[in-house]
Amino acid sequence: MAERRLLVLFGSQTGTAQDTAERIGREAKRRHLRCRVQALDSCDVANLIHEPLVVFVCATTGQGDPPDNMKMFWRFLFRKNLPAGSLCQLEYAVLGLGDSSYPKFNFVAKKLHKRLLQLGGSPLLPVALGDDQHDLGPDAVVDPWLVALWDKVLALHPLPPGLEIICPDVRLPPKYALHYLPEDCPHPSSDLLQPAAPQAAPCELRPFAARVVSNQRVTAPSHFQDVRLIEFDIAGSGITFSAGDVVMIQPQNCPEDVQQFCQLLHLEPHRRFVLEPTEPGTCLPPLLPQPCTIQYLVTHYLDISCVPRRSFFELLAYFSTDELEREKLQEFSSAQGQEELYSYCNRPRRTTLEVMWDFPHTTCAIPANYLLDLIPHIRPRAFSIASSMLAHPERMQILVAVVQYKTRLRKPRRGLCSTWLASLNPEQGDIRVPLWVKKGGMKFPADPATPVIMIGPGTGVAPFRAAIQERVALGHRGNCLFFGCRYKSKDFYCQTEWEELVTKGFLTLFTAFSRDQEEKVYVQHRIRENRKLVWELLSSENAHVYLAG
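Naming follows an unreviewed UniProt entry, where the chain appears as NDOR1 oxidoreductase of Regulus satrapa. The heading Subunit (unreviewed entry) in the UniProt record of the chain holds the text "Interacts with CIAPIN1; as part of the cytosolic iron-sulfur (Fe-S) protein assembly (CIA) machinery. Interacts with DCPS." Regarding the chain, the UniProt comment filed under Catalytic activity (unreviewed entry) reads as follows: "2 oxidized [2Fe-2S]-[protein] + NADPH = 2 reduced [2Fe-2S]-[protein] + NADP(+) + H(+)".

A. Local environment of the overall build of the chain. Within the chain, the secondary structure is distributed over 17 helices and 21 strands. Computed over the C-alpha atoms, the radius of gyration of the chain is 26 Å, within 12% of the 24 Å expected from 2.2 N^0.38 for a compact globule of 549 residues. Each of the three principal axes of the chain carries a C-alpha extent, and together these read 85 × 60 × 50 Å. Put simply, of all contacts in the chain between residues at least 6 apart along the chain, 76% involve residues at least 24 apart. A total accessible area of about 26,900 Å² is found for the chain, and carbon and sulfur atoms account for 53% of it. Each charge class in the chain was averaged separately, 60 positive and 59 negative side chains, and the resulting centres sit 5 Å apart.

B. Local environment of the sheet that holds strand β20 (residues 507-513). The 4 strands lie next to each other as β20-β19-β18-β21, forming an open sheet whose pairing is parallel. Both outer strands of the open sheet, β20 and β21 (544-547), are each paired with one neighbouring strand and no more. Averaged over all pairs of adjacent strands, the angle between strand axes in this sheet comes to 10°, irrespective of strand direction. As defined by bridge partners, strand β18 (residues 452-455) adjoins β21 across 4 bridges and the pair is classed as parallel. Bridging across to β21, Val452 finds its partner in His544. Against the sheet, helix α15 (residues 495-503) touches β19 (479-485) and β20, its axis set at about 140° to β20.

C. Representation of the pairing of strand β1 (residues 5-11). Taken across its 7 residues, β1 has 7 buried, putting it largely inside the fold. Alternating positions in β1 separate into two faces, Arg5, Leu7, Leu9 and Gly11 on one and Leu6, Val8 and Phe10 on the other, with burial throughout. Sheet analysis places β1 next to strand β2 (residues 34-39), joined by 6 bridges and oriented parallel. Paired with Arg5 across the strands is Arg34, a residue of β2. Note on the crossover from β1 through helix α1 (residues 16-30) to β2: the handedness is right-handed. Across 5 bridges, β1 lies against strand β3 (residues 53-59) in parallel orientation. Within β3, the position partnered with Val8 by the bridge is Val55.

D. Broad picture of the domain arrangement of the chain. According to the domain assignment, the chain consists of domain 1 (5-156), domain 2 (255-374) and domain 3 (452-547). The distance between the C-alpha centroids of domain 1 and domain 3 comes to 43 Å.

E. Spatial organisation of the nonpolar core. Grouped together as the largest cluster of nonpolar side chains are 42 residues, with contacts concentrated most on Phe261, Leu297, Leu302, Phe313, Met356 and Leu374. Ranked by residue count, the leading element in this core is helix α7 (residues 310-319), at 6 residues. Setting aside anything within four residues of it in sequence, one finds Met356 in contact with Phe261, Leu264, Leu265, Phe312, Thr363, Ile366, Leu374 and Ile375. Leu229, Val461, Leu481 and Phe506 belong to the second largest nonpolar core, which has 28 residues in total.

F. Structural context of helix α14 (residues 462-473). Here α14 spans 17 Å end to end across 12 residues, near enough to the 16 Å set by a 1.5 Å rise per residue. Most of α14 is tucked away: 10 of the 12 residues are buried. Of the residues flanking the end of α14, it is Gly475, one or two places downstream, whose phi is positive at about 80°.

G. Quick look at the UniProt feature "domain: FAD-binding FR-type" (unreviewed entry) in the chain. In the numbering used here, UniProt assigns the "domain: FAD-binding FR-type" (unreviewed entry) feature to residues 205-445. Secondary structure content for residues 205-445 is 29% helix and 21% strand, and the end C-alpha separation is 32 Å.

H. Quick peek at the pattern of salt bridges. In total, this model carries 24 salt bridges according to the counting rule given. The closest approach of N and O atoms between Arg23 and Asp143, which form a salt bridge, is 2.8 Å. One end of the pair, Arg23, is in helix α1; the other, Asp143, is in helix α4 (residues 139-156), with 120 residues separating them in the sequence. Assessed through its relative accessible area of 15%, Arg23 is described here as buried. Among the ionic pairs, Asp143 bridges to Arg310, the shortest N-O distance being 3.3 Å. Of this pair, Asp143 sits in helix α4 while Arg310 sits in helix α7, placing them 167 residues apart in sequence.

I. Spotlight on unusual backbone geometry. A cis geometry characterises the amide bond from Gln290 onward to Pro291, with omega recorded as -5°. Looking at the secondary structure, you find Pro291 in the loop between β11 (272-277) and β12 (292-293). For Asn106, which is not glycine, the phi torsion reads 50° and is therefore positive. Residue position: Asn106 is located in the loop between β4 (91-98) and α3 (107-118). Residue classification places Asn106 among the buried positions, given a relative accessible area of 0%. Of note, Cys494 is a non-glycine position whose phi angle comes to about 60°, a positive value. On the secondary structure map, Cys494 appears in the loop between β19 and α15. Residue classification places Cys494 among the buried residues on the basis of a relative accessible area of 18%.

J. The packing of α14 against α15, seen in detail. Contact geometry for α14 and α15: axes closest at 12 Å, N-to-C directions at 35°. Handedness of the crossing formed by α14 with α15: left-handed. Note on element contacts: α15 touches α14 through Glu497, Trp498 and Leu501, opposite Arg465, Ile468, Gln469 and Val472. For the contact of α14 with α15, the class distribution of residues is 4 nonpolar, 1 polar and 2 charged.

K. Just the sheet that holds β12, in detail. Sheet architecture is open: 3 strands sit in the order β7-β11-β12, paired in antiparallel fashion. Two strands bound the open sheet, and with one partner strand each, they are β7 (176-180) and β12. Alignment of β7 against β11, held across 5 bridges, turns out to be antiparallel. Residue pairing across strands places Leu178 opposite Leu275, the latter belonging to β11.

The rules we used
Residues numbered from 1 in each chain as written. Predicted model: local features only at pLDDT ≥ 70, side-chain atom pairs only at ≥ 80, totals over all residues. Heavy atoms only, no water. UniProt positions renumbered as here; feature names shortened; annotations may be inferred. Helix = DSSP H or I, 4+ residues; strand = E, 2+ residues; numbered from the N terminus. Rg over C-alpha atoms; globule rule 2.2 N^0.38 Å. Contact = heavy atoms within 4.5 Å. Areas by Shrake-Rupley, 256 points an atom, 1.4 Å probe, with all protein chains shown as cover. Lys, Arg positive; Asp, Glu negative; His and termini not counted. Charge placed at Lys NZ, Arg CZ, Asp CG, Glu CD. Pairing = 2+ DSSP bridges. Axes fitted to C-alpha atoms, helices over the stretch in contact; angles between N-to-C directions. Buried < 20%, exposed > 50% of the residue type's maximum accessible area, 1.4 Å probe, protein only. Right-handed = clockwise from strand over helix to strand, strands pointing away. Domains from an automatic or database assignment. Core = buried A, V, L, I, M, F, W, Y, C linked by side-chain atoms within 4.5 Å. Expected span 1.5 Å × (residues − 1). Salt bridge = Lys/Arg side-chain N within 4 Å of Asp/Glu carboxyl O. Left-handed = near helix turned anticlockwise from the far one by under 90°. Nonpolar A, V, L, I, M, F, W, Y, C, P; charged D, E, K, R; others polar.

Shown next, in the form of structure tokens:
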């Protein structure tokens, strides 16, 4: 009898596809299948020919693009020289997660399904297209599709004699066993966040710990929005970037939240532990040191400020010793309870930590072994780089609007990364931020004669500041910027810099201050007023137009 094994591969940008892939992995274990769940780019594509059964879970990002963690796989799969029958042994299923308000709805899943067919693969089911816009979210498609998937899989690979599907009431073992080290165990001397040795360009698995040089508020103290211009020292990092590139920053939880979390779960922050996978073939989390402290795990790894997903409530219900709490958790994790879960969690943006406060009896019963199954890893945040290496060698600057808004919850919602960055004070010592650079989607013309029209309201001006600095350093003059904000006196970022460049003849600047007069004026009004110039640049000089929000 063929080996009963399943490979689940995901391409995920925000974590939803990964969460769904892990759900499929859990359901496979209940059916006694040997199952691996991994990102598409961490799988050796050449080995697909040896896999009997693969489920692909793919999100679509931007304008029909594959997520970052499947881009290498995508390039390989669409190579022209792959033989037509190379995947003739493969039985597969494709589940897409998308949003039908975008024109290229689930484009990646549709294209992947078609390509696997071309290469000889046999689909178990038609491609499934989950839609964020549905009243019940993607689960409206995912739930029935999974029922059909398991029917097909069990028809091909029946349960071995004497085994039955593990009942949903039974809790599956955790992914890792967490072993506390004795209190008197010697401590390793290395600091957990060292600047990466420049053996290769920094990346997600090897970020560079950049020193914060300055952190300056660039909006007036009386302005409602706190916006920061933050500068990092990247000397010795091996990082290079050009205008339009993006810096990825790995944020951390604030000390108050970390303290509350440890108190709620009765965890000792300074206890040290090692992790051990409970199944062969499971890798350790790449960004966690071994051994590690609880404090480090909660500060740098567990995303306790994210809005929890349905799977969180499903697992949490298993630990509940309180009947009322357990019933509520089970309702939130059921298909029928999704509307209520949306109202409780998603609409008011309630965080994982706040949910734990609402279920105190359950929370204090969570075994430490399950923390990494229950709470996802903190995701890196992307920022447009707002400076050029030609103007500021060995430095990098970003323009950050600190995210804060009200929902029906008493406490204002705060962006994890922007709030953390704004709190960093370089005058208090050697402050480090883990970061790496990704190529951006904007490419500026190499020909100095090609004019550039840039439309950048608010912090959308960040990549254009990098572009203008770069172009000015190269002596390119055709720079036209439309900038918009609320008030000239409160949030006109980089005003002095722009005015100097206008004086020197390097920049044509049009500003729209929406609240400085009765009638609101936006960048589109300034474009309309200057339509002759804009058309002249487009029609006669082949200008490139860039827009950033």
